Amino acid sequence: MGTISSHLNTAVAMQVNVKKKQPNSKMCFVCGLKNRFGLKCRFYELENGELMAIFQPSPEHQGYPGRLHGGIAATILDETIGRAIMQLYSDHIWGVTVDFSMRLRKPVPIDREVRVISRIVSDGKRSFEGTGEILLEDGSVAIEGKGKYLKMDIGKIADFDHREQEWGIVESPDDPDSITLP
């Protein structure tokens, strides 16, 4: 494992340790490692309570030439915010989207790795609210998202066979020990 840095030229950058990696699956569009059109995203729980997602877009994920499609940006933000709840409960409790919105500030290039950071801002008995950002290499915010989610056990959402879906943590030599946040 190594360190991911946003190469910031500011003194406010903060080093944050990775606590653990979250599971991936076989065919999910966002985290499915065998979905040839998917994002193959990796998710890391950070010691500050936030969740970080990392993925490398491919040409199939573009809208305008060389730019991440807005729908893909919404997808990764929604997934990262919805997954943040697993840190508080378990990987069996998932966030089911009730309401989601985003604000696009800057284009996201597809020729480099993309980082997404999310957090829970309100945790109720049956639902929670979260926010997240897609960050550019320099640490600036490209896209902001926020949403409200129902807390649901995966068994109530879908007929989910953990073994069949290959749901588990897949270690990689690229997994970071820490990251630098703006």
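Data block above holds the structure.
Parameters at a glance
- Residues numbered from 1 in each chain as written.
- Predicted model: local features only at pLDDT ≥ 70, side-chain atom pairs only at ≥ 80, totals over all residues.
- Heavy atoms only, no water.
- Helix = DSSP H or I, 4+ residues; strand = E, 2+ residues; numbered from the N terminus.
- Contact = heavy atoms within 4.5 Å.
- Polar contact = N/O pair within 3.5 Å; in protein donor to acceptor, adjacent residues only side chain to side chain.
- Pairing = 2+ DSSP bridges.
- Salt bridge = Lys/Arg side-chain N within 4 Å of Asp/Glu carboxyl O.
- Buried < 20%, exposed > 50% of the residue type's maximum accessible area, 1.4 Å probe, protein only.
- Phe/Tyr/Trp six-rings, centres within 6.5 Å; stacked < 30°, edge-to-face > 60°.

Novice: Describe the environment of N24, and please don't skip the residues or the numbers.
Specialist: Mapped onto the elements of the fold, N24 is located in the loop between β2 (14-21) and β3 (42-46). Sequence separation between N24 and Q165 is 141 residues, and the spatial gap between their C-alpha atoms is 9.0 Å. Residues within four places of N24 in sequence aside, it is in contact with C31, L33, C41, E166, W167 and G168. Within polar-contact distance, the side chain of N24 engages the backbone oxygen of C31 at 2.9 Å. Among the polar contacts listed, one links the side chain of N24 to the backbone oxygen of C41, at a separation of 2.8 Å.

Novice: Quick rundown of the pairing of strand β7 (residues 127-135)? Include the residues and the values.
Specialist: As paired strands, strand β6 (residues 114-123) and β7 are joined by eight bridges and run antiparallel to one another. In the sheet register, I120 faces β7, and the bridge partner there is G130. As paired strands, β7 and strand β8 (residues 141-153) are joined by nine bridges and run antiparallel to one another. By the bridge assignment for β8, S127 is matched with L150. The hairpin turn running from β7 into β8, its antiparallel successor, is five residues long, and G139 in that turn takes a positive phi close to 90°.

Novice: Which residues make up the pattern of salt bridges, and what are the values?
Specialist: Enumeration over the complete set of coordinates arrives at eleven salt bridges. Two residues, E79 and R83, come together in a salt bridge whose shortest N-O distance is 3.3 Å. Here the residue E79 and the residue R83 both occupy positions in helix α1 (residues 70-83), the gap between them amounting to four residues, near one helical turn. Note that R112 is salt-bridged to E137, the shortest N-O span being 3.9 Å. Here R112 is found in the loop between β5 (93-104) and β6, whereas its partner E137 is found in the loop between β7 and β8, with 25 residues between them in sequence. Under the relative-accessibility criterion, R112 is labelled partly exposed at 33%. Each of E50, R119 and E133 takes part in salt bridges that share partners, so that together they form one network.

Novice: Any details on the packing of aromatic side chains? Residues and values, ideally.
Specialist: One pass over the full model with this rule turns up two aromatic pairs. Ring geometry for W94 and W167: centres 5.2 Å apart, planes at 45°, overall tilted. Of this pair, W94 sits in strand β5 while W167 sits in the loop between α2 (154-157) and β9 (176-181), and the two are 73 residues apart along the sequence. Residue W167 is classed as buried on the basis of its relative accessible area of 11%.

No statement about biological role is implied by the geometric values presented.
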